[in-house]
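# A closer look at the structure
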Amino acid sequence: MNKKVLLVHPEISRTKYNFAGVIDNEPLELEYIFALLKKEGFDPFIWDGQVEKEPFINKLHEIEPFAVYICGRTRQENFMKEYCLAAKDMNCITIVGGLHVQLNYRRFFCSYIDYVVTSFDIFNIVNILNDIEPENSICIQKNGKWTVKEAVPFDINRLPLADRSYYYEHTDRYRYLELLPCAHIRTSYSCPYKCSFCCRSKMNCGKYSARDIDNVVDEIAEINCDNIYIIDDDFLFDRKRIERFINLIRLRGIKKKFVCYGRADFIAANADLMQELKDIGVYYILTGLEAADGKRLKNYNKKTGMKTNAEAVRILNEVGINIMGMFIVDLDFTAKDFRSIYKWIKRHKVRHTAISIFTPEMSSELYEQYRGRLITDDPSHWDYLHVVAKPEKMSVRNYYMYYHILVVKLFLKGKREGIYDFLDYGYYIKSMLKNLFKFGG
Ligand code: SF4
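Residues numbered from 1 in each chain as written. Predicted model: local features only at pLDDT ≥ 70, side-chain atom pairs only at ≥ 80, totals over all residues. Heavy atoms only, no water.

Per an unreviewed UniProt entry, the protein chain is named Radical SAM core domain-containing protein, and its organism is Ruminococcus flavefaciens 007c. Of the comments in the UniProt record for the protein chain, the one headed Cofactor (unreviewed entry) reads "[4Fe-4S] cluster". (UniProt positions renumbered as here; feature names shortened; annotations may be inferred.)

## Looking at the pairing of strand β7 (residues 138–142)
Along β7, 4 of the 5 residues are buried, which leaves the element largely enclosed by surrounding structure. Inspection of the sheet shows strand β6 (residues 115–117) paired to β7 by 3 bridges, in the antiparallel sense. Note that in β7 the partner of valine 116 across the bridge is cysteine 139. The pairing of β7 with strand β8 (residues 145–149) spans 5 bridges and is antiparallel. Each bridged residue has a counterpart across the sheet, and for cysteine 139 the counterpart in β8 is valine 148. Hairpin connection, β7 to β8: the antiparallel pair is bridged by 2 residues, and asparagine 143 has positive phi, about 50 degrees. (Buried < 20%, exposed > 50% of the residue type's maximum accessible area, 1.4 Å probe, protein only. Helix = DSSP H or I, 4+ residues; strand = E, 2+ residues; numbered from the N terminus. Pairing = 2+ DSSP bridges.)

## Focus: a positive patch on the surface
The grouping of Lys336, Arg339, Lys343, Lys346, Arg347, Lys409 and Arg416 at the surface amounts to a positive patch. At the level of secondary structure, the elements contributing two or more residues to the positive patch comprise α13 (335–347) and α15 (396–416). The dominant element in the positive patch, judged by the number of residues it contributes, is α13, at 5 residues. With respect to the secondary-structure elements, arginine 347 resides in helix α13. Its relative accessible area of 56% is what places arginine 347 among the exposed residues. (Patch = residues over 30% accessible without salt bridge, like charges linked within 9 Å, V, L, I, M, F, W, Y side chains within 5 Å. Areas by Shrake-Rupley, 256 points an atom, 1.4 Å probe, with all protein chains shown as cover. Salt bridge = Lys/Arg side-chain N within 4 Å of Asp/Glu carboxyl O. Lys, Arg positive; Asp, Glu negative; His and termini not counted. Charge placed at Lys NZ, Arg CZ, Asp CG, Glu CD.)

## Details of the packing of helix α7 (residues 213–222) against helix α8 (residues 239–251)
At a closest axis distance of 10 Å, the pairing of α7 and α8 adopts a crossing angle of 35 degrees. Our pair here, α7 against α8, has a crossing hand that is right-handed. Each of Ile213, Asp214, Val216, Val217 and Ile220 in α7 lies in contact with α8, whose residues at this interface are Arg241, Arg244, Phe245, Leu248 and Ile249. Among the residues making up the contact of α7 with α8, the classes are represented as 7 nonpolar, no polar and 3 charged. (Axes fitted to C-alpha atoms, helices over the stretch in contact; angles between N-to-C directions. Left-handed = near helix turned anticlockwise from the far one by under 90°. Contact = heavy atoms within 4.5 Å. Nonpolar A, V, L, I, M, F, W, Y, C, P; charged D, E, K, R; others polar.)

## What to know about helix α2 (residues 56–63)
Looking at α2, one finds that the buried residues are Phe56, Lys59, Leu60 and Ile63. What you see down the axis of α2 is that its buried residues fit within an arc of 100 degrees, all on one side. Summarising the contacts, the buried residues of α2 are in contact with β1 (4–9), β3 (43–48), β4 (67–71) and α3 (77–89). Directly beyond the C-terminal end of α2, a positive phi value near 50 degrees is found at glutamate 64. (Arc of directions from axis to C-beta.)

## Quick notes on the packing of aromatic side chains
Applying the stated criterion across every chain yields a total of 26 aromatic pairs. Judged by centre distance (6.2 Å) and plane angle (15 degrees), the rings of phenylalanine 42 and phenylalanine 66 are stacked. Note that phenylalanine 42 is positioned in the loop between α1 (28–39) and β3 and phenylalanine 66 in the loop between α2 and β4, a separation of 24 residues in sequence. Judged by relative accessible area, which is 6%, phenylalanine 42 ranks as buried. With a centroid separation of 5.8 Å and an interplanar angle of 85 degrees, the aromatic rings of tryptophan 47 and tyrosine 83 are classed as edge-to-face. Of this pair, tryptophan 47 sits in strand β3 while tyrosine 83 sits in helix α3, placing them 36 residues apart in sequence. Neither tryptophan 47 nor tyrosine 83 differs from the other in exposure class; each is buried. Grouped by ring-pair contacts, the aromatic residues Tyr176, Tyr229, Tyr261, Tyr283 and Tyr284 constitute a single cluster. The ring of phenylalanine 42 carries the charged tip of lysine 3 above its face, separated from the ring centre by 4.4 Å. (Phe/Tyr/Trp six-rings, centres within 6.5 Å; stacked < 30°, edge-to-face > 60°. Lys NZ or Arg CZ within 6 Å of the ring centre and 35° of its normal.)

## With respect to the pattern of salt bridges
Evaluated as defined, the whole model comprises 27 salt bridges. Aspartate 332 serves as the salt-bridge partner of arginine 296, at 2.8 Å between the closest nitrogen and oxygen. One end of the pair, arginine 296, is in helix α11 (residues 294–299); the other, aspartate 332, is in the loop between β16 (322–329) and α13, and 36 residues separate them in sequence. When salt bridges with common partners are traced through the structure, they connect Asp293, Arg296, Asp330, Asp332 and Asp337 into a single cluster.

## Points about the domain arrangement of the protein chain
By the assigned domains, the protein chain splits into domain 1 (4–149) and domain 2 (164–439). Its C-alpha centre places domain 1 at a distance of 26 Å from the equivalent point of domain 2. At the junction of the two partners, domain 1 supplies 33 residues and domain 2 supplies 41 residues. Both sides of the domain 1 and domain 2 interface together cover about 3,300 Å² of buried area, and 59% of this is carbon and sulfur. One can count 1 salt bridge joining domain 1 with domain 2. Arginine 164 serves as the salt-bridge partner of glutamate 26, at 2.9 Å between the closest nitrogen and oxygen. Our enumeration of links across domain 1 and domain 2 arrives at 12 residue pairs in polar contact (both at pLDDT 80 or more). Counting only elements with at least two residues in the side of domain 1 that touches domain 2, the list comes to β2 (23–24), α1, β3, α3 and α4 (99–103). (Domains from an automatic or database assignment. Buried area = accessible area lost by both parts, 1.4 Å probe. Polar contact = N/O pair within 3.5 Å; in protein donor to acceptor, adjacent residues only side chain to side chain.)

Here is the structure:
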């Protein structure tokens with residue numbers, strides 16, 4: 001009996017307009033499913049388009065699975081569908097899941113897709129493969145008719161330990177900037193905050209679910225990698241949990257570098273913890289600073305202010321943790337607003353930055369608000385690098401020009417400060433200039 005299941009994470013894009021070679025993420029979601037399927041007597045395989053040289057279609061024909069499971073973000077929707085179509089041509093059971101699918105399941109009601117998984121409950125995938133109909137968190141297609149079963153929150157503590165065999169085979173690829181290789185770990189689902197531009201708080205049916213921190217540290221101790229990226233939407237949330245994390249890492253004598261997300265208000269209110277985090281190896285904290293003015297932070301329902309942001313940057317700079325400041329360039333930006341972001345970053349000595357173009361998430365109220373202004377409906381443009389809705393105060397072309405000028409200025413600033421020494425500067429400068437001329441300017 002064929003028990004082969006192909007677990008797929010499609011490539012991010014087929015252009016060079018992405019972060020391949022700079023940030024490549026371990027396919028952790030697939031590794032959880034892989035572990036569970038193996039335990040249940042299936043024969044799983046992983047194909048991650050970020051690192052595979054062999055095209056998906058070749059892998060599909062080589063393995064001849066009886067089922068495929070495909071996950072991805074909004075920007076990968078087209079590839080997910082393309083791969084399901086190819087798998088259906090071979091009479092495979094086709095299942096899709098992941099962050100984008102969970103919040104936008106109706107976009108996947110296609111004739112060549114059989115199941116749409118709408119929660120983090122990976123036990124539902126096993127049920128499907130065992131021909132048992134899941135009771136909830138699933139959409140099922142039978143003869144062209146879809147049945148939607150309500151999604152319910154999943155307790156993250158039920159997850160098995162990820163099987164990282166695939167990761168260990170590709171340690172030359174999975175990285176976070178200069179941290180190569182870099183393994184992922186997840187300790188919670190969803191986010192307790194509700195910033196207006198972000199859909200993370202809607203994940204897991206809006207229920208924040210955190211793992212027992214002792215188990216998390218046990219898992220970290222077992223991972224054969226010196227760099228650990230904690231991919232929670234907001235790891236620095238519960239002070240007591242973080243204190244326990246610090247103590248356990250010390251007690252176990254774990255010596256690794258850590259990357260995690262943390263809000264500016266937590267950093268500013270817990271300055272004493274930041275030194276301790278530095279001491280146990282926290283290397284990057286990714287922080288949504290978002291804007292260079294308080295009015296925007298208020299509009300985004302960020303529940304922080306510019307003073308808090310400045311304080312968070314100051315504290316992390318002082319203790320020597322790299323803050324990765326994440327900013328949004330909004331669609332109502334003027335040329336002055338683009339310059340203000342750069343000035344704020346320079347004034348506050350934020351060395352690492354990531355700039356996203358404001359993108360109304362498909363699952364959000366904002367999407368409805370911006371519907372009339374959308375200039376594309378191609379999901380591959382929902383990558384925060386493309387303008388998807390018409391800017392308010394300038395043409396799309398000029399908007400791209402100012403955006404790319406900002407990106408180039410920040411890149412050159414980073415180059416002067418030596419933070420991107422692991423990159424091939426020539427290649428990046430060339431591609432940035434190319435983007436400047438391709439999109440605008
Ligand atoms: S931006 Fe960060 S803090 Fe705000 S909802 Fe999203 S994940 Fe949570």
